[in-house]
Number of protein chains: 2
Amino acid sequence: MTSKIDIKKKVLSENDKIAQELRNIFADKKIFTINVVSSPGSGKTSLLEKTIQSLNDRLKIALVAGDVQTDNDANRLAKAGAKMVRPIITGGSCHLDAKMIQKSVETFDLDNVDLFIIENVGNLVCPSNYDLGEDMKVVLISTTEGDDKPLKYPSMFRRSTVMVVNKIDLLGMSDFELNKVKENALKINGQLRIFDTSCRTSEGLVTWFDWLEEQVNTKKNL
Amino acid sequence: MTSKIDIKKKVLSENDKIAQELRNIFADKKIFTINVVSSPGSGKTSLLEKTIQSLNDRLKIALVAGDVQTDNDANRLAKAGAKMVRPIITGGSCHLDAKMIQKSVETFDLDNVDLFIIENVGNLVCPSNYDLGEDMKVVLISTTEGDDKPLKYPSMFRRSTVMVVNKIDLLGMSDFELNKVKENALKINGQLRIFDTSCRTSEGLVTWFDWLEEQVNTKKNL
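The numbers attached to residues start from 1 for each chain and follow its sequence in the written order. Each chain is given a letter, starting from A, and each ligand a number, starting from 1, according to the order in which they appear as written. Given that the model is predicted, a residue must reach a pLDDT of at least 70 before its local features are reported, and side-chain atom pairs must reach 80 or more before they are shown or counted; all residues, however, enter totals for whole chains, interfaces and linings. The side-chain figures draw on all heavy atoms in the structure; neither hydrogens nor water molecules are used.

Draft legend 1. Region of the structure containing the pairing of strand S4 (residues 115-119) of chain B. All names here are of chain B. Exposure classes here rest on a 1.4 Å probe applied to the protein chains alone. A residue is buried below 20% of its type maximum, exposed above 50%, and partly exposed in between. Only runs of H or I of at least four residues qualify as helices and only runs of E of at least two qualify as strands under DSSP, and these elements are numbered from the N terminus. Extensive coverage of S4 is indicated by the burial of five of its five residues. Residue alternation in S4 divides its side chains into two sets, Leu 115, Ile 117 and Glu 119 and Phe 116 and Ile 118, and both sets are buried. Pairs of strands are assigned from DSSP output, requiring at least two bridges between the strands. Pairing analysis gives five bridges linking strand S1 (residues 32-37) to S4, with the strands arranged parallel. Bridge pairing links Val 36 to Glu 119 in S4.

Right, here's the structure in full:
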């Protein structure tokens, strides 16, 4: 009998195959790609709105916005000025997979893209298992969520390259300690690059924009 | 070939069978059971700490606290005064299932339990598919998460009986509108019983405690 685990392995290995095809395309076209993950409500869409507003003049940005239902996020990103943006409605699935990205990617003129941003479904568990061909995962955590989250959802923090601690304007409104969340995250993944931001007050955002632009340009000049 | 969908159906139907066995036990023992679900960081553990502190003298409360990793939540609940509490570490799984609950339930003296509380893994998607034999799901949403969440994660709000809007002390600190989240939630599920709470200032908590105690007593007197 085919077990649940066998099926899961098969699904993941099919996913990895497509993810590698995507990665080859992004390498060939020199497109820097990030997969943005977090709990629902950590501020992924807000961070991306600000990122588009800041970098839109200098970079050609394409985005896909994944959600279980609604295309609210894609609409918000379009309003923020995104010229190339597609919603992906998973219809129940708790994560995006490489096949969904492949279908969306086919609708973009990739010769005209420098930075490809994937906004994943709000979920700290499932998206960690699915490679989407990205250069890196960017995990957001907000200061209203609890500073032990990296320990409770270690896989996501282990597989991310960047952690953005968002809503730092709300520090002091709860027991959340900025040092503690960083200490916990670095226990799980000592290589994490960490940014502190507030999309509301704009604190810390420029450092993030500059770093991201640098990554895009580095890949372009490879 | 056995498809992914067939396997998923089989897993869910096995789960439903065990959930029904649990439901029969809870009916027989007259134990009122809630399955508490939300995003990571909405305040499930904080709400349950306060609930235990308030109702511990009048009700015999047993709890299980599910997490992908760590027994932090179970420890917090024990510190808050919970006499019967067990951690369930899912080790990667994005939800609790009925089998996990069954194993934990076997370790309690059920003749000595009035209220059984299940704190699910922090995830707004996967736990909605898994019946745990509970009388009702209680979904938390916090005012820092965005008022469109019921539309984006409709399954969870459709399958819940109660919605607790937590962190109302932080209203006004973001664009979140209390009326909007309620309107969105009621679009998905017009029967939702809604509570507004702040675990930090204790606003609204007594209404929740009283209502919960009433449900427990109603079941006890059936």
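Draft legend 2. Expanded view of the environment of B:Thr161. All names here are of chain B. Among the secondary structure elements, Thr 161 is positioned in the loop between helix H6 (154-158) and strand S6 (162-166). Separated by 22 residues in sequence, Thr 161 and Val 139 place their C-alpha atoms 8.0 Å apart. When residues no more than four places from it in sequence are discounted, the contact partners of Thr 161 are Met 136, Lys 137, Gln 191, Leu 192 and Arg 193. In this description, contact between two residues means that some pair of their heavy atoms is separated by no more than 4.5 Å.

Draft legend 3. Region of the structure containing the relation of the copies chain A and chain B. Least squares is the method used to superpose the copies, on C-alpha atoms of residues holding a pLDDT of at least 70 in both. In screw terms, the move from chain A to chain B is a rotation of 180 degrees and a rise of 0.0 Å along the axis, fitting with an RMSD of 0.0 Å. Put plainly, the chains are arranged around a two-fold axis.

Draft legend 4. Region of interest: the sheet that holds strand S2 (residues 61-67) of chain A. All names here are of chain A. Strand order across the open sheet formed by seven strands is S3-S2-S4-S1-S5-S6-S7, with parallel pairing between neighbours. Pairing within the sheet leaves two strands with one partner each, and these edge strands are strand S3 (84-89) and strand S7 (193-196). Averaged over all pairs of adjacent strands, the angle between strand axes in this sheet comes to 20 degrees, irrespective of strand direction. Orientation is described by lines fitted to C-alpha atoms, with helices fitted over the stretch in contact, and by angles between N-to-C directions that extend from 0 to 180 degrees. Those strands touched by helix H4 (residues 98-105) are S2, S3 and strand S4 (115-119), and its axis lies near 145 degrees from that of S3.

Nothing here speaks to function; it is geometry throughout.
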